[in-house]
Amino acid sequence: MSFYEIYFSPTGGTKKVADALGEKIYEEKIKIDLIKNAKKLDTLSLTEADVCLVAVPSYGGRVPVTVVEQLKTVKGNGARAILAVVYGNRHIDDTLIELYDILKENGFVCVAGVEAVAEHSLMHRFGAGRPDAQDREELEEFSVSIKALLEKGTRMEPIFPGKRPYKVFGGVAMKPEVTGECNKCGICTTECPAQAISKENPMNMNKEACITCMHCVSVCPKQARQLDKRMLAESEKRLEQALSGRKENKLYL
């Protein structure tokens with residue numbers, strides 16, 4: 001039996017949630033970062049004895065399009081899956097049910113689900129600092145409950161929240177812009193999960209391909225990429241009510 005921790009975490013929040021959940025389930029784990037080493041999926045050979053924790057962020061209430069394509073290549077072969085959706089203090093909408101449908105279609109048995117809050121990847125004052133100490137404590141409690149379920153050998157699936165057909169998400173209008181600080185080091189071109197940044201010239205970006213995951217902003221050593229401050233301020237004002245307050249983490253068993 002092997003335990004896999006598979007995550008897509010452009011700005012680090014989803015990885016923190018995945019690590020907190022995986023901490024108490026199994027000591028030995030195989031981590032697959034869908035940005036830095038997604039090729040590991042190509043060699044993944046799962047059996048009914050294996051368990052996979054699959055953690056993704058919610059983008060507009062949906063699974064990120066790049067992740068959808070990656071996960072569709074993985075055959076579950078009856079392996080049990082723990083689903084984790086991480087959101088920026090608004091709502092997961094249909095992300096968890098979409099993730100369930102993808103994994104179920106590919107032969108996984110989805111025995112547990114979690115929705116967890118992390119700092120908003122664009123508007124950092126919403127959910128600032130989360131997952132914090134309280135979140136980590138709750139997530140570790142979730143993991144203890146999940147481990148007990150796994151040890152019982154259950155293959156029953158809970159009811160996950162969300163609706164079909166899924167909500168329509170047309171992407172975020174804001175795209176990271178390059179400043180004069182860019183020294184063309186190439187880190188962003190190598191790690192862009194949507195392959196939206198030109199490898200020949202990092203100053204050029206395909207805005208239609210960009211999913212505004214903010215990974216290029218997160219990894220840039222020169223902080224040479226940023227969102228338009230005026231557009232960002234307008235978005236914060238428009239979404240303040242929906243993004244304010246402390247949203248709860250939830251467990252589905």
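Residues numbered from 1 in each chain as written. Predicted model: local features only at pLDDT ≥ 70, side-chain atom pairs only at ≥ 80, totals over all residues. Heavy atoms only, no water.

S.K.: Can you walk me through the nonpolar core in this structure?
M.R.: Considering soluble globular proteins, one finds that nonpolar side chains tend to be buried as a cluster. Counting residues in each nonpolar core, the largest one holds 45 residues, and the members touching the most others are Leu83, Leu99, Leu103 and Phe108. Those residues within four positions of leucine 99 in sequence are excluded, and the remaining contacts are Val54, Val56, Val63, Leu71, Leu83, Ala84 and Val85. With 23 residues, the next largest nonpolar core counts Val17, Ala20, Ala116 and Phe142 among its residues. (Core = buried A, V, L, I, M, F, W, Y, C linked by side-chain atoms within 4.5 Å. Buried < 20%, exposed > 50% of the residue type's maximum accessible area, 1.4 Å probe, protein only. Contact = heavy atoms within 4.5 Å.)

S.K.: Is there a simple way to think about the pairing of strand S2 (residues 30-33) in this case?
M.R.: The side chains of a regular strand alternate between both faces of the sheet. Of the strand pairs in this sheet, strand S1 (residues 3-7) and S2 are connected by four bridges, and their pairing is parallel. For isoleucine 6, the partnering residue across the bridge sits in S2 and is isoleucine 32. Between S1 and its parallel partner S2, the chain crosses via helix H1 (residues 13-23), and the hand of that crossover is right-handed. (Pairing = 2+ DSSP bridges. Helix = DSSP H or I, 4+ residues; strand = E, 2+ residues; numbered from the N terminus. Right-handed = clockwise from strand over helix to strand, strands pointing away.)

S.K.: Explanation requested: unusual backbone geometry in the structure shown.
M.R.: Among all residues save glycine, negative phi is the norm, and among peptide bonds the norm is trans. Here the amide bond leading from arginine 130 into proline 131 is cis, since omega sits at 5°, within 30 degrees of zero. Within the fold, proline 131 resides in the loop between strand S5 (109-117) and helix H4 (133-151). The omega torsion of the bond from arginine 164 to proline 165 falls at -5°, within 30 degrees of zero and hence cis. Along the polypeptide, proline 165 turns up in the loop between H4 and strand S6 (177-178).

S.K.: Quick question: what am I supposed to make of the sheet that holds strand S8 (residues 250-252) here?
M.R.: The strands making up a sheet associate through backbone hydrogen bonding, with each pair oriented either parallel or antiparallel. Spatially, S2-S1-S3-S4-S5-S8 is the arrangement adopted by the six strands of the open sheet, whose pairing is mixed. Strands with a single pairing partner mark the edges of an open sheet, and in this sheet they are S2 and S8. With strand direction ignored, the average angle separating the axes of adjacent strands in the sheet is 15°. Sheet topology places S1 next to strand S3 (residues 51-57); five bridges connect them, and they run parallel. Of the residues in S3, the one forming a bridge with glutamate 5 is leucine 53. The sheet strands contacting helix H3 (residues 95-105) are S3, strand S4 (80-87), S5 and S8, and the helix crosses S4 at an angle near 150°. Seen against the sheet, H4 touches S3, S4, S5 and S8 and runs at an angle of roughly 175° to S5. (Axes fitted to C-alpha atoms, helices over the stretch in contact; angles between N-to-C directions.)

In short, geometric facts, not functional conclusions.
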